[in-house]
Amino acid sequence: MGFLYETHLHTCEASACGKVHGEEYIPYLMDKGFSGIIVTDHFFNGNTCVPENLPWKERVEIYASGYERALKAAEGKDFNVMFGVEFNFIKDEYLLYGIDKQWLLDNECIMEMTRHELFEAVHKAGGIMIQAHPYRERDYLSDIKLAPTACDGVEVYNAANKPNMNALGYEYCTELGLPMTAGSDIHFFYEGDMGGMLFEKKLGSIADYVTAIKERSGVPVRLSADGTITPVAEIKEQTVPTGLPTLPVLYPEGK
């Protein structure tokens, strides 16, 4: 069957919307058949719970604590915990993979960067930048912002999104010809459908994940509540749009 990884996960240590401590995810997701997770808490320009009035170093330490608690809880277990970031611009968000806590400590300047500048900085560090849930619609959003020239790939299946939102993202990514990813965007325990990336080989590090995405060796999948794993490409309602987005689509960094 391969090895299944959760690529989009929030802890209550750093994400204001998170309801679960980092360490609590380990038994929960192991029981569901996952081989590992990437902790992608909201960064300081997103829905963070890290206090704004602290020095940068203290903020980064708090930010990474959810990941570190999960990492410690996985010690001695056949379960890989990796570090990531969900970075927000103007309510369009990007999953950063291949950077670490030290990189954040050394790069306070990222808060002032444009999408393209961050894209280049992440590349320089050996990482990748994936646009998360590009066609997501919520009552707090007034538009959809796409940055096709400032991402290495697109999250085409997000378990927190409705099927047509995912299908629009799938169609968009197909047109761009970029790698596809999938994740649950999990904030709390629940028994519904989840998402993830399935690989033939076990990942040893976040660098392995970055390489695999670049090489397109992973398969975006849906994990159904009954344990069935289905490639997203085989799910019609998640790949074939049934309607246009209801919000205007903008290209802040150009097409």
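Note: the structure precedes this text.
Analysis parameters
- For every chain, the first residue of the written sequence is number 1, and numbering continues from 1 onward in sequence order.
- Selection of residues for local features in this predicted model requires a pLDDT of at least 70, selection of side-chain atom pairs for listing and counting requires 80 or more, and totals for whole chains, interfaces and linings are taken over all residues.
- To obtain the side-chain values, all non-hydrogen atoms of the structure were included, while hydrogens and water were left out.
- Helix and strand assignments follow DSSP, with helices taken as H or I runs no shorter than four residues and strands as E runs no shorter than two, numbered in order from the N terminus.
- Atoms counted for the radius of gyration: C-alpha only. Globule rule: 2.2 Å times residue count to the power 0.38.
- When a residue's accessible area, from a 1.4 Å probe over protein chains only, is under 20% of the maximum for its type it is buried; when over 50% it is exposed; and in between it is partly exposed.
- As used throughout, the charge tally considers Lys and Arg to be positive and Asp and Glu to be negative, leaving His and the chain termini uncounted.
- In this description, the location of a charge corresponds to atom NZ of lysine, CZ of arginine, CG of aspartate or CD of glutamate.
- In these notes, a set of buried Ala, Val, Leu, Ile, Met, Phe, Trp, Tyr and Cys residues joined through side-chain atoms within 4.5 Å is what counts as a nonpolar core.
- Contacts: residue pairs with any heavy atoms within 4.5 Å of one another.
- Site definitions follow a grid-based scheme: protein atoms alone, a 1 Å grid, a 1.4 Å probe that fits but cannot get out for cavities, and for pockets an open set with protein on both sides within 12 Å along at least five of seven lines, plus lining residues having an atom within 4 Å of a point.
- Grid points are joined across faces, edges and corners, and a volume is the space filled by probe spheres set on the points.

Engineer: So what exactly am I meant to see when it comes to the overall build of the protein chain here?
Structural biologist: Check the secondary structure of the protein chain and you find seven helices and 12 strands. Relative to a compact globule of 255 residues, whose C-alpha radius of gyration would be 18 Å, the protein chain shows 17 Å and is just as compact. Considering only C-alpha atoms, the protein chain reaches an extent of 45 × 40 × 35 Å along its principal axes. Looking at the protein chain as a whole, 55% of its 255 residues are labelled buried. Measuring between centres, the 22 positive side-chain charges of the protein chain sit 1 Å from its 38 negative side-chain charges.

Engineer: Teacher, can you tell me more about unusual backbone geometry here?
Structural biologist: Residues other than glycine predominantly adopt negative phi, and peptide bonds predominantly adopt the trans conformation. Positive phi values are uncommon outside glycine, yet His 133 reaches one of about 25°. As for its placement among the helices and strands, His 133 is situated in the loop between β5 (128-131) and β6 (144-145). Residues other than glycine seldom take positive phi values, yet Arg 216 does so here, at roughly 60°.

Engineer: Explanation requested: the nonpolar core in the structure shown.
Structural biologist: Soluble globular proteins: nonpolar side chains tend toward being buried together. Core analysis: the biggest nonpolar cluster contains 46 residues, and Leu 104 and Leu 118 have the highest contact counts within it. Sorting elements by how many residues they give to this core places helix α2 (residues 56-73) first, with six residues.

Engineer: Teacher, can you tell me more about the environment of Met 165 here?
Structural biologist: Topologically, Met 165 is positioned in helix α5 (residues 163-176). It is 9.9 Å that separates the C-alpha atoms of Met 165 and Glu 237, two residues lying 72 residues apart in sequence. Excluding its chain neighbours within four sequence positions, the residues that come into contact with Met 165 are Tyr 135, Arg 136, Glu 137 and Arg 138.

Engineer: Would you explain the layout of surface pockets in this entry?
Structural biologist: Any empty space left between the atoms is revealed when a probe the size of a water molecule rolls over them. In this structure, the largest pocket spans a volume of roughly 450 Å³. Residue lining of the largest pocket: 23 residues in total, with His 42, Arg 136, Tyr 140, Asp 185 and His 187 positioned closest to the centre. When its volume is computed, the second largest pocket comes out at roughly 160 Å³. Lining the second largest pocket, in full, are Phe 199, Glu 200, Lys 201, Lys 202, Leu 203, Asp 208, Ala 212 and Ser 217.

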